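Summary of structural features
Now for the letters of each chain:
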Amino acid sequence: MQDAGQQTTKNDEQAIRDLVATWLSASKAGQTDKVLSLMAEDVVFLTPGNPPMRGRDAFAASQSSALGQFELDATGDIQEIKVLGEWAYIWTNLTVVMTPKKGGAPIKRVGNTLSILQKQNGAWVIARDANMLAVVEQ
């Protein structure tokens, strides 16, 4: 029989899996507002060779630019989830394919992400994200 703590952890792990699935489907559909709702107001994204992207507004600006030029398709394979009270982390192997809307070869990026999540108002949100995707030849 599972105790309440084990059940809570299982529920939290499923909620985090649902967050990832929602993020991927909303990104593909161009639903930036939905994606923004899945992150903390003070979210920070770390990517190779770039300064930290801080806050929802910075993310929204980058998404607006990308979605204007590309169709986005992403898949994620969750490697690990660890829940630590009101905080959690998730390691995901991610593939993102960006296909230019005006034609041209798709750009494929593959790699790992490590995200730190926080439970805010009963829902998990991404607080920090280290994205280590690299372009791969198709």
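A word on the packing of aromatic side chains. Counted by the stated rule, this structure contains three aromatic pairs. Taking 5.7 Å as the distance between ring centres and 65° as the angle between the ring planes, the aromatic pair formed by tryptophan 23 and phenylalanine 59 counts as edge-to-face. Residue tryptophan 23 is found in helix H1 (residues 4-28), and its partner phenylalanine 59 is found in helix H3 (residues 55-69); the two are separated by 36 residues along the sequence. Comparing tryptophan 23 with phenylalanine 59 shows no difference in burial state: the two are buried. Following the ring pairs from residue to residue traces out a cluster consisting of Trp23, Phe45 and Phe59.

A word on the pairing of strand E1 (residues 39-46). Inspection of the sheet shows E1 paired to strand E6 (residues 123-131) by four bridges, in the parallel sense. Each residue of the ladder has a partner; that of valine 44, found in E6, is arginine 128. Here E1 runs beside strand E2 (residues 53-54); their pairing, made up of two bridges, is antiparallel. Residue pairing in the sheet places phenylalanine 45 in a bridge with methionine 53 of E2. The antiparallel pairing of E1 with E2 creates a hairpin that spans six residues between the two strands, and glycine 49 there sits at a positive phi of about 75°.

With that settled, the discussion passes to the side chain of asparagine 131. Along the chain, asparagine 131 falls in strand E6. You can call asparagine 131 buried: its relative accessible area is 18%. Here the side chain of asparagine 131 touches leucine 133 through a polar contact of 3.0 Å, landing on its backbone nitrogen. Contact partners of asparagine 131, with chain neighbours within four places excluded, come to Leu46, Thr47, Pro48, Asn112 and Thr113.

Take the pattern of salt bridges next. Two side chains of opposite charge can pair, provided their charged atoms sit close to one another. According to the stated counting rule, one finds three salt bridges in the structure shown. A salt bridge links lysine 28 to aspartate 73, with the nearest nitrogen and oxygen atoms 3.6 Å apart. Of this pair, lysine 28 sits in helix H1 while aspartate 73 sits in strand E3 (residues 70-84), and the two are 45 residues apart along the sequence. With relative accessibility at 35%, the residue aspartate 73 sits in the partly exposed group.

Cut-offs and rules
Residues numbered from 1 in each chain as written. Predicted model: local features only at pLDDT ≥ 70, side-chain atom pairs only at ≥ 80, totals over all residues. Heavy atoms only, no water. Phe/Tyr/Trp six-rings, centres within 6.5 Å; stacked < 30°, edge-to-face > 60°. Helix = DSSP H or I, 4+ residues; strand = E, 2+ residues; numbered from the N terminus. Buried < 20%, exposed > 50% of the residue type's maximum accessible area, 1.4 Å probe, protein only. Pairing = 2+ DSSP bridges. Polar contact = N/O pair within 3.5 Å; in protein donor to acceptor, adjacent residues only side chain to side chain. Contact = heavy atoms within 4.5 Å. Salt bridge = Lys/Arg side-chain N within 4 Å of Asp/Glu carboxyl O.

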